[in-house]
There are 2 protein chains.
Amino acid sequence: MTYEIAVGPNVRKSPYFDATVEDGVRAFAVYNHMFLPAHYGDPDGEYDRLIEGVAMWDVAVQRQVQLEGPDAARLAQVLTPRDIAGMEPGQGRYVPLCDHDGWLINDPVLLKLADDRFWLSIADSDIGLWATAIGRERGLDVRVSEPDVAPLAVQGPKAEDVVAALLGEAVREIRPFRFEPRELDGIPLLLARSGWSKQGGFELYLTDTRRALALWARVREAGQPFGIGPGAPNDVERIESGLISYGADMRRQTHPATPYEMGFGGMVDLGHDFIGRDALAPLADQTPPRRRVGVVVEGDPPTPGHPVPLERDGAEVGFVSELVYSKRLGRTIAVGLLQSGVEDGLSVRVGETLYPAHLHEVPFL
Amino acid sequence: MTYEIAVGPNVRKSPYFDATVEDGVRAFAVYNHMFLPAHYGDPDGEYDRLIEGVAMWDVAVQRQVQLEGPDAARLAQVLTPRDIAGMEPGQGRYVPLCDHDGWLINDPVLLKLADDRFWLSIADSDIGLWATAIGRERGLDVRVSEPDVAPLAVQGPKAEDVVAALLGEAVREIRPFRFEPRELDGIPLLLARSGWSKQGGFELYLTDTRRALALWARVREAGQPFGIGPGAPNDVERIESGLISYGADMRRQTHPATPYEMGFGGMVDLGHDFIGRDALAPLADQTPPRRRVGVVVEGDPPTPGHPVPLERDGAEVGFVSELVYSKRLGRTIAVGLLQSGVEDGLSVRVGETLYPAHLHEVPFL
């Protein structure tokens with residue numbers, strides 16, 4: 001069963017919206033109060049393109065929360081358990097954010113643009129409100145805003161060739177999570193080696209969104225020889241690759257999780273002051289009550305589009321947040337959170353039916 | 001052109017989801033990270049039902065941010081410019097919320113459940129994060145959470161008859177914005193005389209969401225003699241009635257507005273301490289730079305589903321957030337924000353076309 005999406009002014013359109021329509025977008029999700037293309041009518045072909053070729057994604061929903069001013073670094077550091085002291089301008093870093101009780105509230109990439117200017121490239125929660133409240137209540141000299149920046153992702157094994165054709169061979173030297181300012185026909189960008197897949201690629205952070213359709217056309221054109229086509233963040237690939245989706249795998253108000261449970265323990269640096277430190281410090285040496293797991297599900301379960309319970313001997317021992325069928329593996333796989341100590345005898349419950357399941361390391365591929 | 005909505009675990013399903021599917025829901029919006037039924041395939045009939053009969057709406061997306069503890073009232077008061085000192089348990093009040101610079105960040109109804117327990121029944125932004133940050137950073141003794149409460153709205157001129165049939169004649173005595181705890185076949189509710197329409201009605205705040213399908217069935221059954229049918233918050237009616245939609249009419253990160261601009265000046269009480277007070281106080285005696293207006297648009301403009309500019313003599317002087325065709329008025333109407341002092345000579349720009357427009361008082365009906 002499919003449903004229409006209501007297109008109304010409460011949700012923003014991406015500056016690439018018209019281009020995605022022209023390229024045949026069929027479905028949208030909503031993320032950070034903005035429409036996110038979900039597929040273009042050929043999920044299977046779009047997956048293949050990501051795994052074997054190159055795809056271009058409208059990910060303008062990946063909003064930037066900008067911290068700017070003398071205390072920008074101080075605010076960035078207090079927002080995350082991860083140590084950011086060694087970061088240089090032009091460097092990005094994955095930075096889980098926690099509330100005062102140690103529950104995750106987002107897991108952005110932090111981009112250091114200058115000593116006094118940072119972007120949090122956020123997942124789906126209003127970190128602009130959070131960062132504003134923390135900065136102002138602490139009296140920090142920092143302005144928090146959401147500049148109109150629209151990332152366009154180029155992802156897949158041929159992505160580097162496309163971006164090199166577009167911006168020159170030097171892009172091949174850009175290291176993971178590094179970014180550099182570029183211009184393309186006068187279109188201002190930050191070019192980052194990053195993206196929400198494990199197939200390699202770049203994100204073009206467009207900083208003048210009036211040029212969005214021109215940028216889309218240029219990427220499309222440069223990608224033609226490499227078979228580029230439109231696509232979207234891919235749920236199958238992200239499960240295979242073990243990428244975390246805040247909102248799906250955990251969300252503070254519905255299924256909260258700590259950094260330790262999500263496998264981010266190594267990023268928690270108790271040597272600096274940050275929000276959630278008092279709650280997390282006592283947990284540092286303990287086995288977390290739950291752990292992130294990969295699961296292979298037997299039988300032919302439907303993929304219900306919402307989290308479902310993990311059970312053992314009739315008792316709920318965790319949940320999987322998303323099930324997908326991986327054609328590369330030829331089976332249904334999932335990720336979830338499971339009680340520590342539980343290793344076997346698992347089933348996934350979908351509706352009234354139990355499907356046998358066993359643990360698998362993450363990433364699956 | 002219509003598009004599908006991607007149904008995935010990043011967006012929550014309402015506990016009424018299966019019932020709305022059974023009743024033929026055709027389109028969804030996304031609001032507070034949750035699916036909101038948008039229509040059931042007959043927008044015209046659904047409008048008529050709201051205006052002339054009675055409709056039932058799944059508005060579980062209207063999440064409750066609970067403030068609980070000795071300092072709950074103190075936190076509630078600091079969050080809003082409006083004076084809440086006189087509120088009694090069982091009373092609700094519309095309370096705009098501002099950031100430190102005086103920009104609106106949400107416009108919930110505050111429900112006072114007890115002297116130490118409040119709900120903010122929120123519009124579409126993460127006020128749970130905001131209220132947590134403010135409460136914790138100020139060291140207040142209050143817990144902020146999002147309890148799993150699922151409002152079901154019964155709206156329309158026959159709504160009172162339906163609710164009386166369901167819960168007894170005494171409900172007719174409940175005054176606007178008042179609420180009372182009730183049980184229906186053991187299903188626990190807060191029954192409030194409220195709802196996001198001007199057609200009258202109630203909201204049933206279901207507090208045990210395991211009973212959602214049972215509640216839906218009971219309301220449906222009790223409403224049969226009155227011609228009840230499923231519906232959704234109605235954009236045409238809300239524009240006719242002048243109801244504000246945070247996210248559409250203003251949103252902090254894209255088109256911010258102050259309470260004075262939105263016509264909430266009378267709710268700003270400078271006699272108490274609240275977030276945004278320092279920014280708003282100097283504005284109290286000034287003409288706001290913009291004001292909220294109603295607009296009648298001539299010609300036959302399309303309704304583009306996003307805000308569009310208001311122009312005068314080729315210059316942009318404001319915007320309308322949403323255009324709708326009102327069949328009761330036989331014309332296209334809109335609401336927006338317009339520069340103060342501008343009264344006439346207006347056009348609405350949709351794409352390359354200008355449509356003549358003139359001001360109209362709000363509400364239109």
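Rules of the game
- Numbers given to residues run from 1 along each chain, matching the order in which its sequence is written.
- Written order decides the labels, with chains lettered from A and ligands numbered from 1.
- For this predicted model, a pLDDT threshold of at least 70 governs which residues receive local features, and a threshold of 80 or more governs which side-chain atom pairs are given and counted, while totals over whole chains, interfaces and linings are taken from all residues.
- In computing side-chain values, all of the structure's heavy atoms are included and hydrogens and water are not.
- The criterion for strand pairing is that DSSP finds at least two bridges linking the strands in question.
- Working definition: helices are DSSP H or I runs of at least four residues, strands are E runs of at least two. Numbering for both runs from the N terminus.
- Lines fitted to the C-alpha atoms define the axes, with helices restricted to the stretch that makes contact. Angles between their N-to-C directions range from 0 to 180 degrees.
- Note on classification: 1.4 Å probe, protein chains only; a residue is buried when its accessible area is under 20% of the maximum for its type, exposed when over 50%, partly exposed between these limits.
- UniProt positions are given in the numbering used here, feature names are shortened, and annotations may be inferred rather than shown by experiment.
- Note on definitions: a residue-residue contact is assigned when non-hydrogen atoms from the two residues lie within 4.5 Å.
- Two N or O atoms count as a polar contact when they lie within 3.5 Å, although within protein this holds only if one can serve as hydrogen donor and the other as acceptor, and sequence-adjacent residues are included solely when both atoms are side-chain atoms.
- Domain start and stop positions are those given by an automatic or database domain assignment.
- Buried area counts how much accessible surface, traced with a 1.4 Å probe, disappears from two parts once they are put together, with both parts' losses summed.
- We count a salt bridge whenever a side-chain nitrogen from Lys or Arg sits within 4 Å of a carboxyl oxygen from Asp or Glu.

Student: Before we move on, can you summarise the sheet that holds strand β14 (residues 187–192) of chain B with the specific residues and values?
Tutor: Residues and elements named next belong to chain B. The sheet built from six strands is open, its strands ordered β13-β14-β15-β12-β4-β16 with mixed pairing. Sheet topology places β13 (179–184) and β16 (229–231) at the edges, where each strand pairs with a single neighbour. Averaged over all neighbouring strand pairs, the angle between strand axes comes to 30°, with direction disregarded. Here strand β12 (residues 150–155) runs beside strand β15 (residues 201–206); their pairing, made up of six bridges, is antiparallel. From the neighbouring strand, L152 faces β15, where its bridge partner is L204.

Student: Can you tell me about the pairing of strand β17 (residues 290–297) of chain A, naming the residues and giving the values?
Tutor: Residue and element names in this part refer to chain A. Burial analysis of β17 places six of its eight residues in the buried class, the great majority of the element. In this structure, β17 lies alongside strand β22 (residues 353–360), joined through four bridges in antiparallel fashion. In the sheet register, V296 faces β22, and the bridge partner there is H358.

Student: Can you tell me about the pairing of strand β6 (residues 91–94) of chain A, naming the residues and giving the values?
Tutor: All names here are of chain A. Side-chain alternation along β6 places Q91 and R93 on one buried face and G92 and Y94 on a second face that is also buried. Relative to strand β9 (residues 109–114), β6 runs antiparallel, the two being bridged by four bridges. From the neighbouring strand, R93 faces β9, where its bridge partner is L110.

Student: Tell me what's going on with the UniProt feature "domain: Aminomethyltransferase C-terminal" (unreviewed entry) in chain A, and back it up with residues and numbers.
Tutor: Within this numbering scheme, the UniProt entry marks residues 290–364 of chain A as carrying the feature "domain: Aminomethyltransferase C-terminal" (unreviewed entry). Here residues 290–364 of chain A is 0% helix and 63% strand, with 20 Å between the C-alpha atoms at its ends.

Student: Summarise the UniProt feature "binding site: substrate" (unreviewed entry) in chain A; cite the residues concerned and give the values.
Tutor: Residues and elements named next belong to chain A. With numbering aligned to this structure, UniProt lists the feature "binding site: substrate" (unreviewed entry) at E203. Position of E203 relative to the elements: it lies in strand β15 (residues 201–206). When residues no more than four places from it in sequence are discounted, the contact partners of E203 are V59, Q62, L152, A153, L190, L191, A192, S194 and G195. Engagement of the side chain of E203 in a polar contact is seen with the side chain of S194, the distance being 2.5 Å.

Student: Give a description of unusual backbone geometry that names residues and reports values.
Tutor: Residues and elements named next belong to chain A. In this structure, the amide linkage connecting V362 to the following residue, P363, adopts the cis form with an omega of 0°. Inspection of the secondary structure puts P363 in the segment after β22. Here the phi dihedral of D313 falls at roughly 50°; this positive angle occurs in a residue that is not glycine. Considering the arrangement of structural elements, one finds D313 in the loop between β18 (308–312) and β19 (315–326).

Student: Tell me about helix α2 (residues 43–52) of chain A, and name the residues and values.
Tutor: Buried within α2(A) are the following residues: A:G45, A:E46, A:Y47, A:L50 and A:I51. For α2(A), the elements touching its buried residues are β3 (34–39), β4 (55–58), β12 (150–155), β16 (229–231) and α7 (235–241) of chain A.

Student: Summarise the domain arrangement of chain A; cite the residues concerned and give the values.
Tutor: All names here are of chain A. Split into domains, chain A comes out as domain 1 (17–62 + 149–238), domain 2 (64–145) and domain 3 (243–360). Between domain 2 and domain 3, the C-alpha centre-to-centre distance is 26 Å. If you look at the interface, domain 2 gives 25 residues, while domain 3 gives 22 residues. Between domain 2 and domain 3 lies a buried interface of about 2000 Å² when both sides are counted; carbon and sulfur atoms form 66% of it. If you sort the residues of domain 2 by the area they bury against domain 3, P81, W103 and L104 come out on top, with a joint share of 31%. Summed over the shared surface of domain 2 and domain 3, the number is three salt bridges. Taking the shortest distance from any N to any O, the salt bridge between R251 and D124 comes out at 2.9 Å. Taken together, the links from domain 2 to domain 3 amount to eight residue pairs in polar contact (both at pLDDT 80 or more).

Student: Now, about the interface of chain B and chain A: what can you tell me, with residues and values included?
Tutor: In this assembly, 56 residues from chain B lie in contact with 56 residues from chain A. When chain B packs against chain A, the two sides together hide about 5000 Å² of surface, and 53% of this comes from carbon and sulfur. Among the residues of chain B in contact with chain A, B:Y3, B:E4 and B:P9 are the three that bury the most area, contributing 17% of the side total. Remark: the boundary between chain B and chain A carries four salt bridges. The residue B:R138 makes a salt bridge to A:E137 at a minimum N-O spacing of 2.6 Å.

Student: Just give me the short version of the sheet that holds strand β6 (residues 91–94) of chain B, but keep the residues and values in it.
Tutor: Residues and elements named next belong to chain B. One open sheet accounts for five strands, arranged β6-β9-β10-β5-β11; its pairing is antiparallel. The sheet is open, and its two borders are formed by β6 and β11 (143–145), each paired with just one other strand. The sheet shows a mean angle of 20° between the axes of neighbouring strands, taken without regard to direction. With respect to the sheet, helix α4 (residues 127–137) is in contact with β5 (64–68), β10 (117–121) and β11, its orientation differing from that of β5 by roughly 20°.

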